[in-house]
Amino acid sequence: MISLNSTVLHEIAKVSEVSQYLWQREWAERNGGNISVDLTDIFGPVANTEVVYKKLPLPLPNSCASRIYYVKGTGQRIRELRDAAYAGCILQISPEADSFAILWGGNASTDFAPTSEFISHIKILETKRAQGSSHKSVVHTHPLELIALSHHSDVSKSSDLFTHTCWKMLPEVRAFVPKGVGMIPYCLPSSEELADLTTESLLQRDVAIWEKHGATASGDDVLQAFDYIDVANKGAKLYLMCLAAGYEPEGVTQENMDILKNVFNL
């Protein structure tokens, strides 16, 4: 197995840390949820003798050819990422962007392969990279309150309404999820349609909600991506707590949210 440098090991340690947060919050049942990290710029050179490519079911964007990623394996459990080399792997995309080679990890099975949502993560990362974004990580998980709120027939009608519902519950949500939440109507999981809609949404928003399914965010690292979802979920949780207590919450006024926007240059 390839020896990893300290910078790569640091990013992998963050993956393990976030994986346990997701599991402890009950956001990652069985094999639900995925994490991907673009390691290309910090990984270093790869000897050709160590690369054996396996075909992917669908071609990836040509721009990701020869790039290097850490990703959870298909069928693997988020909680098992406490051992990052067991439930995940570092892989390199082929020069044709249609195959992958495992460079490190993938110890869970002899036929280890990346998650079926890998294409969605790559599209997000590559689109962001093309626009000059510093985002290198994608987290997809099943946050309970955001999913519950996506079942609300009124709140889920638009991204703006969903965002405002979360923003108004706590000043920190307005401050730390400044671009808000994008609502994506229900799509078949792992479909190309879902990948494209998620990519489009995350160009405008901090978090994309997959209606009745889960949430996805990107960030400079997995901790930042997790934070976007975690803070947005706090807004959804507070809103649902108020409804459960029998009243519609007043929420932070628009005037006060505008003041926050100006103070924090949001």
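Residues numbered from 1 in each chain as written. Predicted model: local features only at pLDDT ≥ 70, side-chain atom pairs only at ≥ 80, totals over all residues. Heavy atoms only, no water.

The chain goes by Rhamnulose-1-phosphate aldolase in an unreviewed UniProt entry, where it is assigned to Vibrio cidicii.

Trainee: Help me understand the pairing of strand β7 (residues 181–184) in this model?
Mentor: Remember that side chains alternate between the two faces of the sheet whenever the strand is regular. Burial along β7 is two-sided: the residues V181 and M183 and G182 and I184 are all buried. Alignment of β7 against strand β8 (residues 207–210), held across 4 bridges, turns out to be parallel. Across the sheet, residue I184 finds its bridge partner in β8, namely W210. Chirality of the crossover, the property in question, places the unit of β7, helix α8 (residues 192–202) and β8 among those that are right-handed. (Buried < 20%, exposed > 50% of the residue type's maximum accessible area, 1.4 Å probe, protein only. Helix = DSSP H or I, 4+ residues; strand = E, 2+ residues; numbered from the N terminus. Pairing = 2+ DSSP bridges. Right-handed = clockwise from strand over helix to strand, strands pointing away.)

Trainee: How should the domain arrangement of the chain be read in this particular structure?
Mentor: For an interface, size is often stated in terms of accessible area lost upon the parts coming together. Domain boundaries assigned for the chain yield domain 1 (6–139) and domain 2 (143–264). Computed over C-alpha atoms only, the centres of domain 1 and domain 2 are separated by 25 Å. Buried surface at the junction of domain 1 and domain 2, both sides included, amounts to about 2,400 Å², of which 62% is carbon and sulfur. It is W27, K123 and V139 in domain 1 that bury the most area against domain 2; as a group they hold 26% of the surface buried on that side. Viewed at the interface, domain 2 and domain 1 are joined by 4 salt bridges. One salt bridge connects D196 with K123, and the closest N-O pair in it is separated by 2.7 Å. The tally of links from domain 1 across to domain 2 stands at 12 residue pairs in polar contact (both at pLDDT 80 or more). (Domains from an automatic or database assignment. Buried area = accessible area lost by both parts, 1.4 Å probe. Salt bridge = Lys/Arg side-chain N within 4 Å of Asp/Glu carboxyl O. Polar contact = N/O pair within 3.5 Å; in protein donor to acceptor, adjacent residues only side chain to side chain.)

Trainee: I would appreciate a short explanation of the sheet that holds strand β3 (residues 68–72) in the present structure.
Mentor: The sheet built from 9 strands is open, its strands ordered β2-β5-β4-β3-β1-β6-β9-β8-β7 with mixed pairing. Looking at the sheet topology across the chains shown, the edges are occupied by β2 (54–55) and β7. Here strand β4 (residues 88–93) runs beside strand β5 (residues 99–105); their pairing, made up of 5 bridges, is antiparallel. Its bridge partner lying in β5, C89 is registered against G105. Contacts between helix α1 (residues 6–24) and the sheet are confined to β1 (34–38), β3, β4, β5 and β6 (137–141), with β1 contributing the most and set at about 165° to the helix. Running over the sheet, helix α4 (residues 118–130) touches β1, β3, β4, β6, β8 and β9 (214–219) and is turned about 40° from β1. (Contact = heavy atoms within 4.5 Å. Axes fitted to C-alpha atoms, helices over the stretch in contact; angles between N-to-C directions.)

Trainee: What's the story with the side chain of K123 in this structure? I'm lost.
Mentor: When you line up the elements, K123 lands in helix α4. Judged by relative accessible area, which is 14%, K123 ranks as buried. At 3.1 Å, the side chain of K123 and the side chain of E192 are in polar contact. Ignoring sequence-local partners within four residues, the contact set of K123 consists of P61, E192, A195, D196 and T199.

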